[in-house]
Amino acid sequence: MSHPIRNLPVVQNWSCHACGNCCRTLVGLVTDEEKRRIEALDLANDPKIPPGPWFKPVARGAYRWRLNHRREGGCVFLTSENRCRLQERFGPEVKPFVCRLFPFMLIPAGNHWRVGMRFSCPSVAGNQGRPMADTESEKDLVHLSHLLEHHVGRSADAAPAPMILTGQELSWPDACRLVDVMVEIAQDRRDRLERRLRKCLAVVRICRAGMGVRGGQLSKFLQAVRSAVEPDIPREPATLPPPDPLLGRLLFRVLLAIFARHYHDTNQASGMRRALNRVRDGWSFARGRGRVPRVNDYLDEIRFEDVEQRQGIPPEVDETLERYYTVKLNSFQFFGPPNFDRPIWDGLESLILTLPMILWLSRAMPGQPPVEAVQRAIQLVDDHFGGDAMLGLPHIRYLERTLIERGDLEKVVAWYSR
Ligand code: SF4
């Protein structure tokens, strides 16, 4: 049975601008059936496609293959004009479903699908293209949801109810109520965006201690908590104490090293070399002194000390940040399977941890106008959020929880917003 799409990302515009970025960075997972279908096409003598192998084995559930990449980078089916050769010759239907869906994510929410978007796509981060609220976009998304149901053989109501805390279930309607309140806080323009997210954190802290109400009372309860915490949230980020200079900042930079990294091609450096680069760069981030390693192409030549000293996040970046967090919250992308099975409160905290990451990275791009720097930083960070297997590893989750439980999350949010 097909289910409707709800909560379209109405604040978001998007059209594909054929930059080819996703075809260079996305791990295009392929099922057996898709591989057979593509291999049956008349591709062997196509001068725009290199000789095989076009697929590499992987083992990820139903996906046993991924699209191979060219030696010089990019998917084997990506042409020099940044077009997908499969789509160019045979139409979008023959592409692997993962490529077809990008940059959308369809997330089951009980009796409907929610729509998430990957901000690693430059057109999503830059808000370029057609409004996602128009009827054409809605039609496309409904079509994609039918394809998804067919592709995975499940409908939206097959997803189990989410967890609010480990072992504590919340019904889907209550999850919708909770997220509505969080979105309302994130969109409350009486505050700068960073204070809105600090307010969300304060609500989480209180509700973690006990939230017995359910159903229609839940929205009222959350709004009451929101009002109660209001006077206790410092208005100016500079009035919060700085994060702990040793452990707090160290934990933050270790996690930042993961979010800042950007591989341009999945074949680029492999095996031992990739692991060694990761260790070397991770060590530089942990030390937090000297030159920032060029772990992505957007970073300027800059020292850690200079990033720390830069101040002043101009108000015009709030619009981009508000759009990002509205889409992430509304799509339910921050908890459950899209975020390594984190319960709702843990997932919300892990989402808010991306704000200081984004602000740190945007400070490390002093040559860019502030809005562009923030959009680029969002592209980098969102490439990892919920998608980088490293973030699901127990020891990395332990570091994240330690930072949060020490009370350093609010402090790093404020520190990099000052
Ligand atoms: S990254 Fe976005 S804009 Fe670029 S080709 Fe992919 S979907 Fe299109």
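Residues numbered from 1 in each chain as written. Predicted model: local features only at pLDDT ≥ 70, side-chain atom pairs only at ≥ 80, totals over all residues. Heavy atoms only, no water.

### Some words on the site of the ligand
Neighbouring residues of the ligand: Trp14, Cys16, His17, Ala18, Cys19, Gly20, Asn21, Cys22, Phe102, Cys121, Pro122 and Ser123. Contributing elements (two or more residues each) for the shell around the ligand: helix 1 (21–25) and helix 5 (122–125). Grouping the amino acids of the shell around the ligand by side-chain chemistry returns eight nonpolar, four polar and no charged. (Near = heavy atom within 4 Å. Helix = DSSP H or I, 4+ residues; strand = E, 2+ residues; numbered from the N terminus. Nonpolar A, V, L, I, M, F, W, Y, C, P; charged D, E, K, R; others polar.)

### With respect to a nonpolar patch on the surface
Taken together, the side chains of Leu246, Leu247 and Leu250 present a nonpolar region at the surface, about 270 Å² in accessible area. Assignment of secondary structure puts leucine 250 in helix 10 (residues 247–260). Overall, the relative accessible area of 32% leaves leucine 250 in the partly exposed class. (Patch = residues over 30% accessible without salt bridge, like charges linked within 9 Å, V, L, I, M, F, W, Y side chains within 5 Å. Areas by Shrake-Rupley, 256 points an atom, 1.4 Å probe, with all protein chains shown as cover. Salt bridge = Lys/Arg side-chain N within 4 Å of Asp/Glu carboxyl O. Buried < 20%, exposed > 50% of the residue type's maximum accessible area, 1.4 Å probe, protein only.)

### Some remarks on the domain arrangement of the protein
Each assigned domain of the protein is listed with its residue range as follows: domain 1 (5–158) and domain 2 (161–418). Once you take the C-alpha centre of each, domain 1 and domain 2 turn out to be 27 Å apart. Counting the surface lost from both domain 1 and domain 2, the interface buries some 2300 Å², and carbon and sulfur atoms represent 54% of this. Of the charged contacts in the structure, one is a salt bridge between arginine 118 and aspartate 382, with a shortest N-O distance of 3.9 Å. Our enumeration of links across domain 1 and domain 2 arrives at eight residue pairs in polar contact (both at pLDDT 80 or more). Secondary-structure elements contributing two or more residues to the side of domain 1 that touches domain 2 are helix 1, strand 6 (104–108), strand 7 (113–117) and helix 5. It is strand 7 that contributes the most residues to the side of domain 1 that touches domain 2, four residues altogether. Looking at the side of domain 1 that touches domain 2, its residues break down into 15 nonpolar, 14 polar and six charged. (Domains from an automatic or database assignment. Buried area = accessible area lost by both parts, 1.4 Å probe. Polar contact = N/O pair within 3.5 Å; in protein donor to acceptor, adjacent residues only side chain to side chain.)

### Observations concerning the sheet that holds strand 4 (residues 55–60)
The strand order across the open sheet built from three strands is 3-5-4, with neighbouring strands paired in antiparallel fashion. Edge positions in the sheet fall to strand 3 (29–30) and strand 4, since each has one partner strand and no second. Pairing geometry for strand 4 and strand 5 (residues 63–67), over four bridges, is antiparallel. Among the inter-strand pairings, phenylalanine 55 is bridged to a residue of strand 5, identified as leucine 67. (Pairing = 2+ DSSP bridges.)

### Remarks on the packing of aromatic side chains
Evaluation of the coordinates by the stated rule reveals eleven aromatic pairs. Centre to centre, the rings of phenylalanine 252 and tyrosine 416 are 5.1 Å apart; their planes meet at 25 degrees, and the pair counts as stacked. Placement of the pair is phenylalanine 252 in helix 10 and tyrosine 416 in the segment after helix 18 (408–415), with a sequence separation of 164 residues. The pair phenylalanine 252 / tyrosine 416 is uniform in exposure class, with both members buried. Their ring planes at 80 degrees and their centres at 5.0 Å tell us that phenylalanine 334 and phenylalanine 335 sit as a pair that is edge-to-face. Taken individually, phenylalanine 334 and phenylalanine 335 each receive the classification buried, so the pair is uniform in this respect. Here the aromatic residues Trp172, Phe332, Phe334 and Phe335 are joined through ring pairs into a cluster of three or more. (Phe/Tyr/Trp six-rings, centres within 6.5 Å; stacked < 30°, edge-to-face > 60°.)

### As for the nonpolar core
In this structure, Leu178, Leu321, Trp345, Trp360 and Leu361 are the most contacted members of the largest nonpolar core, which totals 105 residues. Broken down by element, the residue count for this core peaks at ten residues, all from helix 7 (residues 172–186). Two domains each provide a minimum of three residues to this core, namely domain 1 (5–158) and domain 2 (161–418). With residues up to four places along the chain from it excluded, the contact list for leucine 321 reads Leu193, Leu355, Ile358, Leu359, Val374 and Ile378. One finds Val30, Leu67, Leu86 and Val94 within the second-largest nonpolar core, a separate group that totals 15 residues. (Core = buried A, V, L, I, M, F, W, Y, C linked by side-chain atoms within 4.5 Å. Contact = heavy atoms within 4.5 Å.)

### With respect to the side chain of arginine 418
In this structure, arginine 418 sits in the segment after helix 18. Among buried Asp, Glu, Lys and Arg side chains, arginine 418 stands out as unpaired, with glutamate 308 the closest opposite charge at 5.3 Å. Look past the residues within four positions of arginine 418 in its chain and what remains in contact with it is Pro237, Ala238, Glu308, Gln311, Gly312, Ile313 and Arg363. (Lys, Arg positive; Asp, Glu negative; His and termini not counted.)

### Describing the packing of helix 7 against helix 8 (residues 193–208)
Contact geometry for helix 7 and helix 8: axes closest at 8 Å, N-to-C directions at 150 degrees. Comparing the axis directions of helix 7 and helix 8 gives the class roughly antiparallel. Residues Met182, Ile185 and Ala186 of helix 7 form the contact with helix 8, whose participating residues are Leu193, Arg196, Lys199, Cys200 and Val203. For the contact of helix 7 with helix 8, the per-class residue count stands at six nonpolar, no polar and two charged. (Axes fitted to C-alpha atoms, helices over the stretch in contact; angles between N-to-C directions. Parallel < 35°, antiparallel > 145°, perpendicular 65-115°, else oblique.)

### Examining unusual backbone geometry
In this chain, phenylalanine 102 is followed by proline 103 through a cis amide linkage whose omega measures 10 degrees. Its place among the elements puts proline 103 in the loop between helix 4 (97–101) and strand 6. Notably, phenylalanine 332 is not glycine yet its phi reads approximately 65 degrees, a positive angle. With respect to the helices and strands, phenylalanine 332 occurs in the loop between helix 13 (318–330) and helix 14 (344–352).

### A closer look at the pattern of salt bridges
Under the counting rule described, the total for this entry stands at 40 salt bridges. Here aspartate 318 and arginine 192 are joined by a salt bridge, their closest N and O atoms 2.7 Å apart. Of the two residues, aspartate 318 sits in helix 13 while arginine 192 sits in the loop between helix 7 and helix 8, which places them 126 residues apart along the sequence. Accessibility expressed as a relative area gives 33% for arginine 192, which makes it partly exposed. A salt bridge links arginine 342 to glutamate 400, with the nearest nitrogen and oxygen atoms 3.0 Å apart. Of this pair, arginine 342 sits in the loop between helix 13 and helix 14 while glutamate 400 is found in helix 17 (residues 394–405), placing the two residues 58 residues apart along the sequence. Three or more residues are tied together by salt bridges with common partners; here these are Asp42, Asp46, Arg85, Glu88 and Arg89.

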